[in-house]
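# Secondary and tertiary structure notes
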Amino acid sequence: MKVKKGWLAIQVGLEEEDAGGIQRFVIPISYLYHPLLQKLLDRAHDVYGYHVDGPLKVPCSVDDFLHIRWRIEKEPNRSHHHHHHNHHQYLSSSLSFKSC
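The structure contained in this document is the topic of the report that follows. Because the structure is a prediction, the values reported are computed rather than measured. (Residues numbered from 1 in each chain as written. Predicted model: local features only at pLDDT ≥ 70, side-chain atom pairs only at ≥ 80, totals over all residues. Heavy atoms only, no water.)

### So, the nonpolar core
With 14 residues, the main nonpolar core has Ile-10, Val-12, Leu-37, Leu-40 and Phe-65 as its most contacted residues. Among the secondary structure elements, those contributing two or more residues to this core are strand E1 (7-12), strand E2 (23-28), helix H1 (35-48) and helix H2 (62-74). In terms of residues, this core owes the most to one element, H2, which gives four residues. Not counting residues within four places of it along the chain, the set of residues in contact with Val-12 comprises Gly-21, Ile-22, Gln-23, Phe-25, Val-58, Cys-60, Ser-61, Val-62 and Phe-65. (Core = buried A, V, L, I, M, F, W, Y, C linked by side-chain atoms within 4.5 Å. Buried < 20%, exposed > 50% of the residue type's maximum accessible area, 1.4 Å probe, protein only. Helix = DSSP H or I, 4+ residues; strand = E, 2+ residues; numbered from the N terminus. Contact = heavy atoms within 4.5 Å.)

### Observations concerning the pattern of salt bridges
By the definition in use, this model includes one salt bridge. In this structure, Glu-73 and Arg-69 form a salt bridge, with 3.9 Å as the shortest nitrogen-oxygen distance. One end of the pair, Glu-73, and the other, Arg-69, are both in helix H2, four residues apart, so they sit about a helical turn from each other. (Salt bridge = Lys/Arg side-chain N within 4 Å of Asp/Glu carboxyl O.)

### Concerning the layout of surface pockets
Estimated volume of the largest pocket: approximately 240 Å³. Lining the largest pocket are Leu-41, Asp-42, Ala-44, His-45, Tyr-48, Gly-49, Tyr-50, Val-52, Gly-54, Pro-55, Leu-56 and Lys-57. For the lining of the largest pocket, the leading source of residues is H1, giving five residues. Within the lining of the largest pocket, the residues separate by chemical class into seven nonpolar, three polar and two charged. (1 Å grid on protein atoms, 1.4 Å probe; cavity = no way out; pocket = protein on both sides within 12 Å on 5 of 7 lines; lining within 4 Å. Points joined across faces, edges and corners; volume = space filled by probe spheres on them. Nonpolar A, V, L, I, M, F, W, Y, C, P; charged D, E, K, R; others polar.)

### Regarding the packing of aromatic side chains
Per the stated rule, a full pass over the model turns up one aromatic pair. Ring geometry for Phe-25 versus Phe-65: centroids 4.9 Å apart, planes at 50°, classification tilted. Of this pair, Phe-25 sits in strand E2 while Phe-65 sits in helix H2, and the two are 40 residues apart along the sequence. The residues Phe-25 and Phe-65 share a single accessibility class, namely buried. Seen from the ring of Tyr-48, Lys-57 lies directly overhead, with NZ or CZ sitting 5.9 Å from the centre. (Phe/Tyr/Trp six-rings, centres within 6.5 Å; stacked < 30°, edge-to-face > 60°. Lys NZ or Arg CZ within 6 Å of the ring centre and 35° of its normal.)

Here it is as structure tokens:
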């Protein structure tokens, strides 16, 4: 399936979840700059490495990913890529989902 320019297809889910635990999402590329998603990308690197065939895989439950996406979407000025130091401290301590 073709993805619009400026968007990225990712697979989210944990292999140990029941059938249907892995779902495909299409997110704006700008989300890759957000500290919450960068933390997930670091985890994806730890689990899968850099060289993975197919879409980007994120080892996180679908429910936790939906919550993270909601948090990114509700932030004012989410397209603003410059984050304040205090903002980083808050975000790093706030990502405490059991699966991510």
